[in-house]
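Chain residues, written in single-letter form:
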Amino acid sequence: MRMDHVSYACEADGLLATTERIANALGVEAVKGGVHPRFGTRNMIIPLTDHHYLEVVEVLDHPASGKAPFGQAVRARSAAGGGWMGWCVEVDDLAPFEQRLGRQAVPGNRKFPDGRELVWKQIGILGLIADPQVPYMLKWEGDPSLHPSNAYPGTVRMSRLTIAGSAERVTEWLGEPVERPLEDVAVEWVSPKGTPGIMSVTFETASGAVTI
């Protein structure tokens, strides 16, 4: 189990403008991700160091976005003004989570322009919708070189998360100490006054620390 990525739901001016603001703040370029046909969403990617990445995601006017929990989560966060939607951990085996949550992981995919396909399975979006402090879980499948962090050599490091919530709650959700997937990312837990979830993410850039 390890930290994989953080997701930012686009603001009112859309995917490209939101991504450009974040990329400019970090002093890097974003790359086009693509459409997630099963979820009714699309994303842009900012590769980071340590096999991490940041995705900016937008809901599409597509039937899947109203049915898939991921599409629902993106739509709700963007409708609230956009911002950090959640974080994701990669696991080697989704079966324990399927058994504990009483449902099956769902497949996800997106295609590259050259026809290659990025594929994975994920579970836990319903939990994130109900309690945004908890991560969802993902298992990558297929060619590991297609991991979004490999889009280009990352130079920005994700160093800290500030989360409204509690380590105890997230540990209970994961079934393991939350410190395990976050071993190389510091976390500040703050008492929520309202909805729990990611309050901010700090990155180490060529120009110093940047908090978004």
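As the structure is a computational prediction, the values presented were derived from the model and not from experiment.

(A) Quick peek at the side chain of Thr41. Its place among the elements puts Thr41 in strand β3 (residues 41-47). We classify Thr41 as buried; its relative accessible area is 0%.

(B) Representation of the pattern of salt bridges. Applying the stated criterion across every chain yields a total of nine salt bridges. Taking the shortest distance from any N to any O, the salt bridge between Arg116 and Asp114 comes out at 2.9 Å. Judged by its relative accessible area of 41%, Arg116 falls in the partly exposed class. By relative accessible area, which is 52% here, Asp114 ends up exposed. Between Glu176 and Arg180 there is a salt bridge, with its nearest N and O atoms 2.6 Å apart. You can call Arg180 partly exposed: its relative accessible area is 46%.

(C) Representation of empty space enclosed by the protein in the model. For the structure on display, the rule yields one cavity of 30 Å³ or more. As a volume, the largest cavity reaches approximately 110 Å³. Every residue lining the largest cavity is counted, 16 residues in all, and those nearest its centre are His36, Asn43, Tyr53, Glu55 and Trp120. Class assignment for the residues of the lining of the largest cavity results in ten nonpolar, four polar and two charged.

(D) Fine view of the nonpolar core. Residues Leu54, Trp87 and Met137 are the most contacted members of the largest nonpolar core, which totals 41 residues. Of all hydrophobic cores here, the second largest spans 20 residues; its members include Phe39, Trp120, Leu128 and Tyr136.

(E) Main features of the side chain of Asn43. Tracing the backbone through its elements, the reader meets Asn43 in strand β3. Using a relative accessible area of 4% as the deciding quantity, one classes Asn43 as buried. Separated by 2.8 Å, the side chains of Asn43 and Glu55 make a polar contact. Asn43 has contacts with Leu15, Lys32, Gly33, Gly34, His36, Glu55, Val56, Val57 and Arg110, leaving out every residue within four places of it along the chain.

(F) Structural context of the state of the cysteines. Under the defined criterion, the tally for this structure stands at zero disulfides. Between Cys88, a free cysteine, and Cys10, which holds the nearest cysteine sulfur, the sulfur-to-sulfur gap is 19 Å.

(G) Quick peek at the packing of aromatic side chains. All chains considered together, the criterion is met by six aromatic pairs. By the ring-pair criterion, three or more aromatic residues cluster together here, those being Phe39, Phe70, Trp120, Tyr136 and Trp140. Looking at Arg110, its charged tip hangs above the ring of Phe112, at a distance of 5.3 Å from the centre. One cation-aromatic arrangement involves Arg116 over Phe112; the distance from NZ or CZ to the ring centre is 5.1 Å.

(H) Local environment of the environment of Leu138. Note on placement: Leu138 falls in strand β8 (residues 136-141). For Leu138, a relative accessible area of 1% gives the class buried. Sequence separation of Leu138 and Ile163 is 25 residues, and the distance between their C-alpha atoms is 20 Å. Look past the residues within four positions of Leu138 in its chain and what remains in contact with it is His5, Cys88, Val89, Glu90, Val91, Leu94, Trp120, Lys121 and Gln122.

(I) Spotlight on the sheet that holds strand β5 (residues 83-90). The eight strands lie next to each other as β2-β3-β4-β1-β5-β8-β7-β6, forming an open sheet whose pairing is mixed. Strand pairing shows two members of the sheet lacking a second neighbour, β2 (31-36) and β6 (106-111), which therefore form its edges. Ignoring strand direction, the axes of neighbouring strands in this sheet form an average angle of 30 degrees. Direction of pairing for β5 relative to β8: parallel, over a ladder of three bridges. Counterpart to Glu90 in the pairing with β8 is Leu138. Contacts from helix α3 (residues 69-79) reach β1 (2-9), β2, β3, β4 (53-59), β5, β7 (117-123) and β8 within the one sheet, and its direction differs from that of β4 by about 85 degrees.

Parameters and conventions
What you see as residue numbers is a count from 1 along each chain, following the sequence as written. For a predicted model such as this one, the threshold for reporting local features is a pLDDT of at least 70, and the threshold for listing and counting side-chain atom pairs is 80 or more; totals across whole chains, interfaces and linings nevertheless cover every residue. Values shown for side chains rest on all heavy atoms present in the structure; no hydrogens or waters enter the calculation. In DSSP terms, a helix is any run of H or I states spanning at least four residues, a strand is any run of E spanning at least two, and both are numbered starting from the N terminus. Exposure is judged per residue with a 1.4 Å probe applied to protein chains only, and the accessible area is read against the type maximum: over 50% gives exposed, under 20% gives buried, and values in between give partly exposed. We define a salt bridge as a contact between a side-chain nitrogen of Lys or Arg and a carboxyl oxygen of Asp or Glu at a distance within 4 Å. Definitions used for this entry: grid spacing 1 Å over protein atoms alone; cavity, a set of points where a 1.4 Å probe fits but cannot get out; pocket, an open set with protein on both sides within 12 Å along at least 5 of 7 lines; lining residue, one with an atom within 4 Å of a point. Grid points are joined across faces, edges and corners, and a volume is the space filled by probe spheres set on the points. In this classification, Asp, Glu, Lys and Arg are treated as charged, Ala, Val, Leu, Ile, Met, Phe, Trp, Tyr, Cys and Pro as nonpolar, and every other residue, Gly included, as polar. We define a nonpolar core as any set of buried Ala, Val, Leu, Ile, Met, Phe, Trp, Tyr and Cys residues linked to one another through side-chain atoms lying within 4.5 Å. Any N or O atom pair separated by 3.5 Å or less is treated as a polar contact, with the protein-specific requirement of one donor-capable and one acceptor-capable atom, and with residues adjacent in sequence counted only for side-chain atom pairs. Should any heavy atoms of two residues lie within 4.5 Å, those residues are considered in contact. In this description, a disulfide is simply a cysteine sulfur pair whose atoms lie within 2.5 Å. In summary, the pairing rule links any two rings of Phe, Tyr or Trp, Trp by its six-membered ring, whose centres are within 6.5 Å, and it sorts them by plane angle into stacked for under 30 degrees, edge-to-face for over 60 and tilted for everything else. Charge-over-ring contacts are defined here by two conditions on Lys NZ or Arg CZ: a distance within 6 Å of the ring centre and an angle within 35 degrees of the ring normal. Strands are treated as partners if at least two bridges between them are detected by DSSP. For helices, the fitted line uses only the C-alpha atoms of the stretch in contact; every axis is such a line through C-alpha atoms, and the angle between N-to-C directions lies from 0 to 180 degrees.

Interpretation in functional terms is not warranted from these geometric data alone.
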